[in-house]
Amino acid sequence: MSIRIPDPGKPVIAILTTSDRLRQFRGNRRNFRDIIRTGKDMGYLVYVVTVRDLKLEDKVVSGYVPSASGKLWYSIPMPLPQVIYNRIPNRDDEEKALVARKISECLMHPDIHLYNPHFFNKWHLFEWLKESRATSKHVPKTRRLRSANTLIAMLKNHDSLYLKPENGKAGKGIMRLKYRSDTSLPYRLQIQSGKKNVTYKAASIDRLWARIGKEKGASRYIVQQAIGLATYHGRPFDLRALLQKNGRGAWAVTGIGARLAGARSITTHVPRGGSIEEPANMLEGTFGEERTAAILKNVPTTALLIARQIERASETMLGEMSMDLGVDEDGGLWFFEANSRPMKFDEPAIRKLSLERIFQYSQHLSRQSK
């Protein structure tokens, strides 16, 4: 196959991932197909490239494009990209020396723009948001989980806590701790396993700490006050916002969805049994129409404030993030999580705009000198 000729007015865009011995490359193929199709419709040359094949000293690299049916992927010669959309699928891959070195080289390259270079660490996120008065009020009380003493100190002020892995994803490894002084087994630890959760009861902090140690292993954890969330039919829900930079390079809210916790689940993540819902439907039962409208007006403002602060404090170039925001029983907004490699939103209008914004922002980036 001959090399594709790009449109001279539009940047060549590569979706970066890692190679796979059996399947050519890793990552969400359906997502990659959607991105490539949208790019083609908008007049952009876009392809998937692996870290191994992205040879920055060459003018031409091996890139993957899908067949017409989308079932097969062909490796063909492609021009070196001007913009790299980083979709390295997991932290383990990102931390490999070869990958870290390639990302660093892309960031230093005079003619290539790569954004969202790294996954976020939960502890860093909360620390960054505490640096600004405007965002710190949306952050639950959070500490690094270093010993049983951290739990004792936190339980003095909060009878319910969340324990979260610093580098967790999609709710994996999250535990909830409740303290009930009126019982002989006052410590209650809910451990999420798939779509179910198991409750472990302990009489002493030592017993509890031993169980937590068994669950978390060598992973670093944070401990956080549990916020009393607004509920829908007795189940907690939170709001999921997708923020992306637009064609002017400014942060914009692409869409806001709601995620309702599954029965007996301690989080709202869909892989853990949560469901996708309409935000207004979730809020109106608790707050009524008028108050719901005021809360939903406040969500984009707060989300944009948080996104700007994360980018500023992280000192990296970001182009998109998803964000989990909780609404408490008084209508207050709380920040729980941000993800620099957002999973795709299934709401059709959000999905369509999210794909288009990848190219609008890429076009903006290509006009900037590094």
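Along each chain, the written sequence defines residue order, and numbers are assigned to residues from 1. The predicted nature of this model means local features are confined to residues of pLDDT at least 70 and side-chain atom pairs, given and counted, to a pLDDT of 80 or more, with totals for whole chains, interfaces and linings taken over all residues. To get the side-chain values, all heavy atoms of the structure are used, and hydrogens and water are removed first.

A word on the pairing of strand E14 (residues 221–225)
- Whether a residue is buried, partly exposed or exposed follows from its accessible area with a 1.4 Å probe, protein chains only, as a fraction of its type maximum: under 20%, in between, or over 50%, in that order. By definition, any uninterrupted DSSP run of H or I lasting at least four residues is a helix, any uninterrupted run of E lasting at least two residues is a strand, and each is numbered from the N terminus. Across the five residues that make up E14, a large majority, five, are buried.
- Here E14 shows two buried faces, one formed by Tyr-221, Val-223 and Gln-225 and the other by Ile-222 and Gln-224.
- Judged from the three bridges that link them, strand E9 (residues 142–144) and E14 form a sheet pairing that is antiparallel. The residue of E14 that forms the bridge with Arg-143 is Val-223.
- Being paired, for any two strands, means DSSP has found at least two bridges between them. As paired strands, strand E10 (residues 160–165) and E14 are joined by five bridges and run antiparallel to one another. Bridge pairing in E14 places Tyr-162 opposite Gln-224.

Looking at the side chain of His-113
- Within the secondary structure layout, His-113 lies in strand E8 (residues 113–115).
- Owing to a relative accessible area of 7%, His-113 belongs among the buried residues under this scheme.
- Polar contact is the term for a pair of N or O atoms within 3.5 Å; when the atoms are in protein, one must be able to donate a hydrogen and the other to accept it, and sequence-neighboring residues count only if both atoms are side-chain atoms. Here the side chain of His-113 touches Leu-365 through a polar contact of 3.1 Å, landing on its backbone oxygen.
- Those residues in contact with His-113, other than ones at most four positions away along the chain, are Gln-82, Val-83, Ile-84, Leu-365, Ser-366, Gln-368 and Lys-370. Residues are treated as being in contact if the distance between any of their heavy atoms lies within 4.5 Å.

Re the side chain of Ser-354
- Turning to its location among the elements, Ser-354 is positioned in helix H9 (residues 348–366).
- Not counting residues within four places of it along the chain, the set of residues in contact with Ser-354 comprises Leu-242, Gln-244 and Thr-254.

Considerations on the packing of helix H1 (residues 29–41) against H9
- Axes, fitted as lines to C-alpha atoms, cover a helix only where it is in contact. Angles between the N-to-C directions of the axes lie from 0 to 180 degrees. Direction vectors running N to C along H1 and H9 enclose 65°, while the axes themselves pass 9 Å from each other. For the element pair H1 and H9, the recorded crossing hand is right-handed. Residues Asn-31, Asp-34, Ile-35, Thr-38 and Gly-39 of H1 form the contact with H9, whose own contacting residues are Arg-351, Leu-355, Glu-356, Ile-358 and Phe-359.
- Amino acids are sorted into nonpolar (Ala, Val, Leu, Ile, Met, Phe, Trp, Tyr, Cys and Pro), charged (Asp, Glu, Lys and Arg) and polar (every other residue, Gly among them). When the residues that make up the contact of H1 with H9 are grouped by side-chain class, the tally is four nonpolar, three polar and three charged. In a left-handed crossing the near helix is turned counterclockwise from the far helix by less than a right angle, and in a right-handed crossing that turn is clockwise.

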